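# Results of the structural survey
What follows is the residue order along each chain.
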Amino acid sequence: MTHGRGRRPWKNLGDESRSFALNGPVSRHIQESVVVVFAFALIFLWTFVVLHPILLTLPSFTPSLALEILPAGLTLHRLFVQADGKTHDILIGPEDPTGHIAQKYTNTIIGRYANRLPIGSHTLERDGLSSVVNPQPNEKPTVSLHGGVKGFDQYPWEPLVDPSAAQLFTPAEIATTQTRLPSSIIFKRISEDGEEGYPGKLLVEALIGLAQPEGAPNQTADGAKEWNLGSVVLIYRAKLLDEKTITPINLTQHWGFNLDASLQEGSDTLSIKEHKIDIKADHTIELNSEGLSTGTLLAVAGTHHAHKEKTSGKIGEAFPASGYDEFYVFAPRATPPPPSKLPASAFSPELDLVGAALSRDGPGSEELVSLTSGKSGLRISFASNQPGVQFYTNNFAVPEKGARKKIHGGSGSVGDGYGPGTAAFLEFHAPLAAWMDPSVRGPSGEDTLLASGELYNNITRMDVWYKSPGSA
């Protein structure tokens, strides 16, 4: 739009002036200057607006949680945790926000479709609707990764100053947000029809917030007390703005955790192999040599994916040579979680799925994944309405090409980055290519297709816990 406004004055000139403007040396100099000014304006916009952190904190002089969000790619730049007088940043990433431009997929949103899809023209059909999707190659000539060449992670997201301006959250949900999630913000963007080969104009809104600690401390198996420090809540909503359309959608946050890095106790604290992980999954999806789904589910039991069966429970026990990069399909749950899709008719003013996300004993509150450090005493646990999680251990990281935060012992400069095995990425979403391979959908039956007249609803809540490392 800015570019369009810059061009209109030329249209008001007479024929002679227009000819001079388009062809004369003075005009070329002016046009070149305009291009340079426009380029600098874009740099200013990205550096000082979309790469300027928005800070959320819990209300306290020494808040237990504080989160920095960049509108660029809806990036979670830092997640500070205060525990027993120590400040931790449990997200890996560059020191400078501008580093995220080069360090792709580091704590950003992923869309329109997370994970890997095969290249080609794919026909979508459901309930009499039909569309065609053409995923664009980026990782390999035959593979589209994380939404294509320019996915959701490469766009600026608009923060809504007034939360009531949100179109995809009900009045009841806005009220709950203001009372129970006061440190929060809603972002939005519109993904145009045909963007990266995906059909349909899509309105997307994302609620990110911090919830206060709740309840008495947990009593752990070893008799110690574990204290809740608060929660991070992510809720993605989406709706097609076109009629009689269908599109694939599979959003996630590509965030990478290290619960020890802020201890700065040498190379051991940069590795997550000493972390313990528990994933309540019965199956993983079999992948071919390109990382694409074969359409087959593989049993977890008796393999290195059965983390709870390990003697130590640590990620490093039976660690595969190439690291972890698999999708785990969650086992059936005792109580079904809130739906990932609901008809527009169910989207009434009284509907409150935000309240459900904050509930610790309602549908969708079951702990599905936990990551624990015995060194720092920190643990993070996750509840979600998504059918599974991608567990990735930063296998493709190249330290020479990235930067590491100073709080993690890095210099903050490029060339001193994180290496393989330095983070546990936990990406909650539906099975990859689920509309193509019904056999991998698992208990939820989620096909990852959104039709006109439906609302996409993706919820993840992460709870942060602390237990003194020296406690019994």
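Just above, that's the structure.
Worth saying up front: this structure is predicted, and the values here are computed from it rather than measured.

### Observations concerning the pattern of salt bridges
If you walk through the whole model with that rule in mind, you get 24 salt bridges. One salt bridge connects glutamate 95 with arginine 78, and the closest N-O pair in it is separated by 3.1 Å. With glutamate 95 in the loop between β4 (86–89) and β5 (108–110) and arginine 78 in strand β3 (residues 75–83), this residue pair connects regions lying 17 residues apart in the sequence. Accessibility expressed as a relative area gives 23% for glutamate 95, which makes it partly exposed.

### Focus on the packing of aromatic side chains
Under the defined criterion, the tally for this structure stands at 12 aromatic pairs. Arranged with centres 5.0 Å apart and planes meeting at 55°, the rings of tryptophan 255 and phenylalanine 257 form a pair that is tilted. Here tryptophan 255 falls in the buried class, since its relative accessible area comes to 1%. Phenylalanine 257 sits in the buried class, given a relative accessible area of 0%. Aromatic rings pair up to connect Trp255, Phe257, Phe330, Phe382 and Phe428 into one cluster. The aromatic ring of tyrosine 155 is capped on one face by arginine 189, whose charged end is 3.8 Å from the ring centroid.

### Observations regarding helix α4 (residues 171–180)
For α4, the full list of buried residues reads Glu173, Ile174, Thr176 and Thr177. All buried residues of α4 lie within an arc of 160° about the axis, which places them on one face of the element. When the buried face of α4 is taken as reference, the exposed residues oriented beyond 90 degrees from it are Pro171 and Thr179. Close packing links the buried residues of α4 with β11 (183–191), β12 (202–211), β14 (225–240) and α5 (353–358).

### Here's the deal with the layout of surface pockets
Volume-wise, the largest pocket comes out at about 740 Å³. Together, 27 residues line the largest pocket, and Lys104, Tyr105, Tyr392, Phe396 and Ala397 are the ones closest to its centre. Sorting the residues of the lining of the largest pocket by element identifies β25 (388–392) and β26 (424–429) as the ones contributing at least two each. Class assignment for the residues of the lining of the largest pocket results in 10 nonpolar, 11 polar and six charged.

### Examining the environment of tryptophan 255
With respect to the helices, strands and loops of the structure, tryptophan 255 is situated in the loop between β16 (252–254) and β17 (256–257). Tryptophan 255 sits 179 residues away from leucine 76 along the chain, and the two C-alpha atoms are 7.6 Å apart. A polar atom in the side chain of tryptophan 255 sits 2.9 Å from the backbone oxygen of leucine 426.

Calculation criteria
- Residues numbered from 1 in each chain as written.
- Predicted model: local features only at pLDDT ≥ 70, side-chain atom pairs only at ≥ 80, totals over all residues.
- Heavy atoms only, no water.
- Salt bridge = Lys/Arg side-chain N within 4 Å of Asp/Glu carboxyl O.
- Helix = DSSP H or I, 4+ residues; strand = E, 2+ residues; numbered from the N terminus.
- Buried < 20%, exposed > 50% of the residue type's maximum accessible area, 1.4 Å probe, protein only.
- Phe/Tyr/Trp six-rings, centres within 6.5 Å; stacked < 30°, edge-to-face > 60°.
- Lys NZ or Arg CZ within 6 Å of the ring centre and 35° of its normal.
- Arc of directions from axis to C-beta.
- Contact = heavy atoms within 4.5 Å.
- 1 Å grid on protein atoms, 1.4 Å probe; cavity = no way out; pocket = protein on both sides within 12 Å on 5 of 7 lines; lining within 4 Å.
- Points joined across faces, edges and corners; volume = space filled by probe spheres on them.
- Nonpolar A, V, L, I, M, F, W, Y, C, P; charged D, E, K, R; others polar.
- Polar contact = N/O pair within 3.5 Å; in protein donor to acceptor, adjacent residues only side chain to side chain.

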